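The primary structure of each chain is shown beneath.
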Amino acid sequence: MLYDLRKFLDELAKHGELVEIKKRVDPEYQAATLMKQMDDQGGPAILFKSMKGYEIPVVGNLLSSMRRMGIALGCSPPEIRDKLSYAIANPLKPVIVDNGPVKEVVITDTKKIDLLKMFPILTHAEADAGPYITAGIFTAKDPETGRRNASYNRLMIKGPSKIGLAINIWRHLREFHDKAEAKNEPLDVSISIGVDPAIEIATGLKVPFDELEVAGALRNEPVRLVPGETVKVEAIADAEIVLEGRLRPNVRESEGPFGEFTGHYGHKWEYPVLDITAVLMRSKPIYRGLLGGGFEHVVLGNVVTREPSLYDMVKRIVPTTKNVHIAPYGGGFLVAIQMEKRNEGEPQNAIMAAFTSHVNIKYVIVVDPDVDIYNPRDLWWAVSTRTNGKQDFLFIPGALGHEMDPSTQPDGTTTKMGIDATVPVGELNTKYRRISFKNMDKWRLQDFL
Ligand code: MN
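In short, a report on the structure. In this text the structure is predicted, and so the values were computed from the model without any measurement. (Residues numbered from 1 in each chain as written. Predicted model: local features only at pLDDT ≥ 70, side-chain atom pairs only at ≥ 80, totals over all residues. Heavy atoms only, no water.)

### Describing the overall build of the protein chain
Each helix and strand counted, the protein chain has 13 helices and 25 strands in total. Against the globule reference of 22 Å for 449 residues, the protein chain gives a C-alpha radius of gyration of 23 Å, in line with a compact fold. The dimensions of the protein chain, computed from C-alpha atoms along their principal axes, are 75 × 55 × 40 Å. Classification of the 449 residues of the protein chain by burial places 56% in the buried group. A separation of at least 24 residues holds for 71% of the contacts in the protein chain among residues at least 6 apart in sequence. Of the roughly 19,800 Å² that the protein chain leaves accessible, carbon and sulfur atoms contribute 53%. Averaging the locations of the 56 positively and 59 negatively charged side chains of the protein chain gives two centres separated by 2 Å. (Helix = DSSP H or I, 4+ residues; strand = E, 2+ residues; numbered from the N terminus. Rg over C-alpha atoms; globule rule 2.2 N^0.38 Å. Buried < 20%, exposed > 50% of the residue type's maximum accessible area, 1.4 Å probe, protein only. Contact = heavy atoms within 4.5 Å. Areas by Shrake-Rupley, 256 points an atom, 1.4 Å probe, with all protein chains shown as cover. Lys, Arg positive; Asp, Glu negative; His and termini not counted. Charge placed at Lys NZ, Arg CZ, Asp CG, Glu CD.)

Printed below as a string of structure tokens:
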């Protein structure tokens, strides 16, 4: 079973999780505004059939819910974390094939490349610096070891074949670029747009090897790659569109602002510049959009892809941990841990373990098994009724946070905080017994209305 974007769209349609919009929609602001409204309603994925000024349709909101994540991975939502953990532990290397659907059209004459004219690249939030490609799978190789990496980077269109891109300091791609730059050499990259959702999910991970190997393991079938036409790095053979290019060495230009996963505008930064050297695509491609400030960005980049390592870290320290969740409404900065506490102090140790699992994690709330970590009301209830500020709040000043969190210091540091909202050992069924009501499963309100 070889998946690509089109098969995923068929699958979504079968499950009633895809809506087609036939009215003409403008890629400048309008599509993003509609995607945001669909997000807020918790609605299905969207296929915009008719884009103003373009023959190419646009899809978005594909993976904004755990339900659609489950459809993408062929499992139920609660099984997603284990499926990802298994794939990370059992990677399967990609295979390189001579040809693939993405090479139906190959343009290497850079005079014929004009990204904005060719593709309905969306302009998203009101104060964005311009149109951005947001769902491109970046592949590049370590200039010293040759190891491949896959990552997302936001791409600001700066000219017909010129792109400005954001690379945080903790990115593998940044390491590769630093190494190439030290020798004053460009870094070859390839950007695949519109691929199998397993590849999109794997690319959201950070593992010390090629993320495409995780995608292969998720499918139990290796990802198919094609050699680059103008660069020394492979592209995804079954993608809708591929852009090849080179990152210039020792050049920095302003990039941003851009409406980010934090719900704020990522500031204007000085970042590297990329020159596009070739465009590969299917003869009738579909463009994949992803809302920068939308739910899909957080669920894909911060929730599903970081819960496996978070769970492993916390479980190692407190084996009676029952579940962990990175709350999407917290922009990926807020974590909830549910545990069977055996001894005082275990929540504090779990909090410290959670902080080490990813740089973004800033607030951690630990609760007992009677609290639903997926329900914000339940979490706030536990914090409100089961904590005693001075002894239950733990502060770690001066820790490294995420630079896109606008509340971090200019040097990137922040104070991280943990909240132990568990009750004292032995008191869950006495002093802290939670109110319950008789026969909640049997006497259903709807039967009485
Ligand atoms: Mn990586």
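### Points about the pattern of salt bridges
Tallying each qualifying case throughout the model produces 37 salt bridges. Of the charged contacts in the structure, one is a salt bridge between Arg 154 and Glu 260, with a shortest N-O distance of 2.9 Å. One end of the pair, Arg 154, is in the loop between strand 8 (148–152) and strand 9 (155–159); the other, Glu 260, is in the loop between strand 16 (258–259) and strand 17 (265–266), with 106 residues separating them in the sequence. With a closest N to O distance of 2.7 Å, Glu 200 and Arg 288 form a salt bridge. (Salt bridge = Lys/Arg side-chain N within 4 Å of Asp/Glu carboxyl O.)

### Comments concerning the pairing of strand 11 (residues 187–193)
Extensive coverage of strand 11 is indicated by the burial of seven of its seven residues. Looking at chain direction, strand 7 (residues 136–141) and strand 11 are connected through five bridges and run antiparallel. In the sheet register, Thr 139 faces strand 11, and the bridge partner there is Ser 190. In the sheet, strand 11 pairs with strand 14 (residues 241–247) via seven bridges, with the strands oriented antiparallel. Across the sheet, residue Ser 192 finds its bridge partner in strand 14, namely Val 242. (Pairing = 2+ DSSP bridges.)

### Comments concerning a nonpolar patch on the surface
A surface patch of nonpolar side chains, about 400 Å² in accessible area, is lined by Ile 435, Phe 437 and Met 440. Tracing the backbone shows Phe 437 in the segment after strand 25 (413–420). (Patch = residues over 30% accessible without salt bridge, like charges linked within 9 Å, V, L, I, M, F, W, Y side chains within 5 Å.)

### Concerning the sheet that holds strand 20 (residues 287–288)
With mixed pairing, four strands are arranged side by side in an open sheet as 1-2-3-20. This sheet does not close on itself; its edge strands, each paired only once, are strand 1 (18–21) and strand 20. Sheet topology places strand 2 (residues 45–48) next to strand 3 (residues 58–60); three bridges connect them, and they run antiparallel. Opposite Ile 46, over in strand 3, you have Gly 60 as the bridge partner. Of the strands in this sheet, strand 1, strand 2 and strand 3 are in contact with helix 1 (residues 5–14), which crosses strand 1 at around 105 degrees. (Axes fitted to C-alpha atoms, helices over the stretch in contact; angles between N-to-C directions.)

### Some points on the coordination of the manganese ion
For the manganese ion, every protein donor is listed as Asn 149 (OD1), His 172 (ND1) and Glu 211 (OE), and the spread of their distances is 2.0 to 2.2 Å. Spacing between the donor residues of the manganese ion along the chain follows N-x22-H-x38-E. Of this pair, Asn 149 sits in strand 8 while Glu 211 is found in helix 8 (residues 211–219), placing the two residues 62 residues apart along the sequence. For Asn 149, a relative accessible area of 2% gives the class buried. With a relative accessible area of 1%, Glu 211 lands in the buried category. (Donors = N, O, S within 2.8 Å, 3.2 Å for Na, K, Ca; no water.)

### Focus: helix 8
Residues three or four positions apart in an α-helix share a direction because the helix packs 3.6 residues into each turn. Within helix 8, nine of the nine residues are buried, leaving the element largely enclosed by the surrounding structure. For helix 8, the side-chain oxygen to backbone nitrogen distance between the N-cap and Leu 212 is 2.9 Å, and the N-cap itself is Asp 210. The positive-phi residue at the C-terminal boundary of helix 8 is Asn 220, with phi of around 55 degrees. (Polar contact = N/O pair within 3.5 Å; in protein donor to acceptor, adjacent residues only side chain to side chain.)

### With respect to the sheet that holds strand 22 (residues 334–339)
The five strands are arranged 21-22-23-25-24 in an open sheet whose pairing can be described as mixed. Sheet topology places strand 21 (321–326) and strand 24 (393–400) at the edges, where each strand pairs with a single neighbour. On average, adjacent strands in this sheet sit at an angle of 15 degrees to one another, irrespective of strand direction. The pairing of strand 22 with strand 23 (residues 363–367) spans five bridges and is classified as parallel. Residue pairing for strand 23: Val 335 is matched across the bridge by Val 364. Taken strand by strand, helix 12 (residues 376–386) contacts strand 22, strand 23 and strand 25, and its axis lies near 80 degrees from that of strand 23.

### Comments concerning unusual backbone geometry
In this chain, Gly 256 is followed by Pro 257 through a cis amide linkage whose omega measures 5 degrees. Examined against the element boundaries, Pro 257 turns out to sit in the loop between strand 15 (253–255) and strand 16. In the Ramachandran plot, Asn 184 falls in the positive-phi region, its phi being about 55 degrees despite a non-glycine side chain. In this structure, Asn 184 sits in the loop between helix 6 (172–182) and strand 11. Given the relative accessible area of 52%, Asn 184 is considered exposed.

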